[in-house]
Amino acid sequence: MQTKLHQWAKAEPGRRFDDVFNLVYDPAFLTVAWRRVRGNKGARTAGIDGVTPRSVGIGAARLLGKLREDLKARRFVPQRVREKTIPKAGGKVRALGIPTTADRIVQAALKLVLEPIFEADFKPCSYGFRPRRRAQDAIAEIHYLGTPIRNYEWVFEGDIEACFDRIDHAALMDRVRQRIGDRRVLALVKAFLKAGVLSEEGLSRETITGTPQGGILSPLLANIALSCLDEHFTRKWVALGPEWTRAKRRRAGEPVMRLIRYADDFVVMVAGTRDAADALFDEVAAVLTPMGLRLSVEKTRVCHIDEGFDFLGWHIQRRQWRSRTNRTAVYTYPSKKALASVKGKVRRLTRRARHRTLADLLGRLNPVLRGWCTYFRHGVSKRTFSYVDHFAFWRVVGWLRKRHLGLNMHSLVRRWLPSWELRDGGITMFRPRAYVVVRYRYRGAAIPTPWASPTPGIPLLLA
């Protein structure tokens, strides 16, 4: 059904879907939605009802049956989301909204219906919270555009101020209505937007703008809202004409721009002058204003690619090519902020009283190191991996020395470090220095959706 919805939306760009509410309460859609909610990383957290998805167990069939009846009879009303604040860099906090288990299931079912339709309209320059797309694709495109052959030298780093909290509901619903004509679905989406928040102090407040960050539906709604930015730069690109016309205009001094967006983080690569890049502040602000959004004056800036900039945890900079004379190349490194983040996690995990045994410590530490290295394995990361390996290894050794104050170093090595490898209880410490670094393949605009027509000989993978 998702494949059909996507193909219909792709074939008819102006089509509005008038009868899709029955899919939201379809038993198959609700079952898939429940599996995704229960298998999600946030399944151990509860909303204002105090029920976690992991604790439902054998009552799931009864819960899904009641949800189906309530949705079919139009009795379902979303509850307020539980607000949870988490610290950010610089002393600020980010507010997350945690819906109830029932609300999460309905949001997941709603996303299963809406996502294939809107994916037909989303532009290739958007990479965040979309199926089969990832942050590495955005970094690969920046690397591709910044190479000396293409020479997109100026970078406009955009930062949207409190994006998830300030999206205008009326403007967002107008964009949803461009594709959805079913009033029952529109009413359900609006009900989730207006559900309200229960703060950590126990105070209730209405949600006049924004979509709660942390909800299953929120990333899709944010992409629908921010697609206005994608469409604006796509229109500018199409207006330049075919490749030979664009090349001619570039030689004449006309700027050429490409947008790369990951959720609410974006950069605009500019082949032209700094003045053209500086002028983007007012242009982007004018595009975002109807959606109730605005750029952060402090964090939005223009820089040259030779200066380098940070994006999605990476530091991207054009430098002298190490193995070639008088040639430059674009290098992507783990940023200093990302390195400080993983070091902070290692420090917290290796505090003296944090774990009872070395096996417990390694069981918590290994996923952190492996996940961080997997994300950064597609850049110039070998030296950084060696540094992280050295830092983490000696933090664990220091933890052992504090836990076993009566043992000298020779005894520690004999007991816990055979061949200078940390292991205990069948668990061996993950060593970042041994992790293989590989170049990520740039896929450009040729990234298929899960519901695209299958290539002959290749089976169709459903979401």
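None of these values were measured; they are calculated from a predicted model.

Undergrad: In this structure, what is going on with the overall build of the chain? I would like to understand it.
TA: Looking only at helices and strands, one finds 17 helices and 13 strands in the chain. Within the chain, the fraction of its 463 residues that count as buried is 48%. Across the chain, the fraction of contacts at a sequence separation of at least 24, relative to all contacts at a separation of at least 6, is 69%. For the chain, the computed accessible surface area is about 23400 Å², with 53% contributed by carbon and sulfur atoms. For the chain, the separation between the mean place of its 84 positive charges and that of its 43 negative charges on side chains is 9 Å.

Undergrad: Teacher, can you tell me more about the pattern of salt bridges here?
TA: Oppositely charged side chains are able to pair whenever their charged atoms sit close together. One pass over the structure, following the stated rule, counts 25 salt bridges. Across the pair Arg166 and Glu161 runs a salt bridge, and its minimum N-O distance is 2.9 Å. Connected through shared salt-bridge partners, Asp389, Glu421, Arg431 and Arg433 make up one network.

Undergrad: Please clarify how the sheet that holds strand β6 (residues 256–262) should be interpreted in this entry.
TA: Strand pairing in a sheet takes place through backbone hydrogen bonds and is either antiparallel or parallel in direction. Spatially, β6-β7-β3-β8 is the arrangement adopted by the four strands of the open sheet, whose pairing is antiparallel. Sheet topology places β6 and β8 (301–304) at the edges, where each strand pairs with a single neighbour. Averaged over neighbouring strand pairs, the angle between their axes works out to 20 degrees when direction is ignored. The sheet contact formed by strand β3 (residues 154–159) and β8 spans four bridges and is antiparallel. Bridge pairing in β8 links Glu157 to Arg301. This element, helix α6 (residues 135–146), spans β6 and β7 (265–271) of the sheet and lies at about 160 degrees to β6. Together, β6 and β7 form the strand contacts of helix α10 (residues 218–239), whose direction differs from that of β6 by roughly 160 degrees.

Undergrad: How should the environment of Gly379 be read in this particular structure?
TA: Position of Gly379 relative to the elements: it lies in the loop between α15 (358–376) and α16 (382–403). Here Gly379 falls in the buried class, since its relative accessible area comes to 9%. The sequence separation of Gly379 and Ile48 amounts to 331 residues, and the corresponding C-alpha distance is 42 Å. Setting aside residues up to four positions removed in sequence, Gly379 forms contacts with Trp314, Thr332 and Val437.

Undergrad: How should I be thinking about the packing of aromatic side chains in this particular structure?
TA: Two numbers describe a pair of aromatic rings. These are the distance of the centres and the angle of the planes. Within this structure, the stated rule accounts for 16 aromatic pairs. Between Trp372 and Phe376, the aromatic rings sit 4.7 Å apart at their centres with planes inclined by 50 degrees, giving tilted as the arrangement. Here Trp372 and its partner Phe376 are both found in helix α15, four residues apart, which amounts to about one turn of the helix. As far as burial versus exposure is concerned, Trp372 and Phe376 are alike and both buried. Taken together, Trp314, Trp372, Tyr375, Phe376, Phe385, Phe430 and Tyr435 form an aromatic cluster joined through their ring pairs. Above the face of the Tyr144 ring, Arg150 is positioned so that its terminal group lies 3.7 Å from the ring centre. One cation-aromatic arrangement involves Arg258 over Trp237; the distance from NZ or CZ to the ring centre is 4.5 Å.

Undergrad: How should I be thinking about the state of the cysteines in this particular structure?
TA: Working definition of a disulfide: a covalent bond connecting the sulfur atoms of two cysteines. With the rule as written, the count across this model stands at zero disulfides. No disulfide involves Cys303; its sulfur sits 19 Å from the nearest other cysteine sulfur, which is in Cys125. Given the relative accessible area of 0%, Cys303 is considered buried.

Undergrad: Help me out: how do you make sense of the sheet that holds strand β9 (residues 309–311) in this one?
TA: Spatially, the three strands line up as an open sheet ordered β9-β10-β11, and their pairing is antiparallel. Each edge of the sheet is formed by a strand with only one pairing partner; in this case those strands are β9 and β11 (328–334). Pairs of neighbouring strands in the sheet enclose a mean axial angle of 30 degrees, with direction left out of account. Relative to β11, strand β10 (residues 314–320) is paired through seven bridges, and the arrangement is antiparallel. When the bridges of β11 are listed, Arg319 appears paired with Ala329.

Undergrad: Whenever I open this one, the confidence of the model for the chain confuses me. Can you help?
TA: When pLDDT is low, close inspection of the predicted coordinates is not appropriate. Per-residue pLDDT for the chain has a mean of 91; in total, 97% of the residues score no lower than 70. Confidence drops under a pLDDT of 50 for residues 455–463, and excluding neighbours within four residues, the segment shows 13 contacts in the predicted structure.

Undergrad: Whenever I open this one, helix α13 (residues 280–288) confuses me. Can you help?
TA: Each full turn of the α-helix corresponds to 3.6 residues, which orients residues three or four apart in the same direction. Those residues of α13 not exposed but buried are Leu280, Val284, Val287 and Leu288. The buried residues of α13 all sit within an arc of 95 degrees when viewed along its axis, so they share a single face. Opposite the buried face of α13, at more than 90 degrees from it, the exposed residues are Asp282 and Ala286. On its buried face, α13 sits against β3, α10, β6, β7 and α12 (274–278).

Undergrad: For this particular structure, what's the right way to read the pairing of β6?
TA: The side chains of a regular strand alternate between the sheet's two faces. With five of seven residues buried, β6 lies mostly within the body of the structure. Relative to β7, β6 runs antiparallel, the two sharing seven bridges. Paired with Tyr262 across the bridge in β7 is Asp265. Hairpin geometry of β6 and β7 is characterised by an intervening segment of two residues between the two adjacent antiparallel strands and by a positive phi of about 55 degrees at Ala263.

Quick notes on the rules
Residues numbered from 1 in each chain as written. Predicted model: local features only at pLDDT ≥ 70, side-chain atom pairs only at ≥ 80, totals over all residues. Heavy atoms only, no water. Helix = DSSP H or I, 4+ residues; strand = E, 2+ residues; numbered from the N terminus. Buried < 20%, exposed > 50% of the residue type's maximum accessible area, 1.4 Å probe, protein only. Contact = heavy atoms within 4.5 Å. Areas by Shrake-Rupley, 256 points an atom, 1.4 Å probe, with all protein chains shown as cover. Lys, Arg positive; Asp, Glu negative; His and termini not counted. Charge placed at Lys NZ, Arg CZ, Asp CG, Glu CD. Salt bridge = Lys/Arg side-chain N within 4 Å of Asp/Glu carboxyl O. Pairing = 2+ DSSP bridges. Axes fitted to C-alpha atoms, helices over the stretch in contact; angles between N-to-C directions. Phe/Tyr/Trp six-rings, centres within 6.5 Å; stacked < 30°, edge-to-face > 60°. Lys NZ or Arg CZ within 6 Å of the ring centre and 35° of its normal. Disulfide = S-S within 2.5 Å. pLDDT = per-residue confidence, 0-100. Arc of directions from axis to C-beta.

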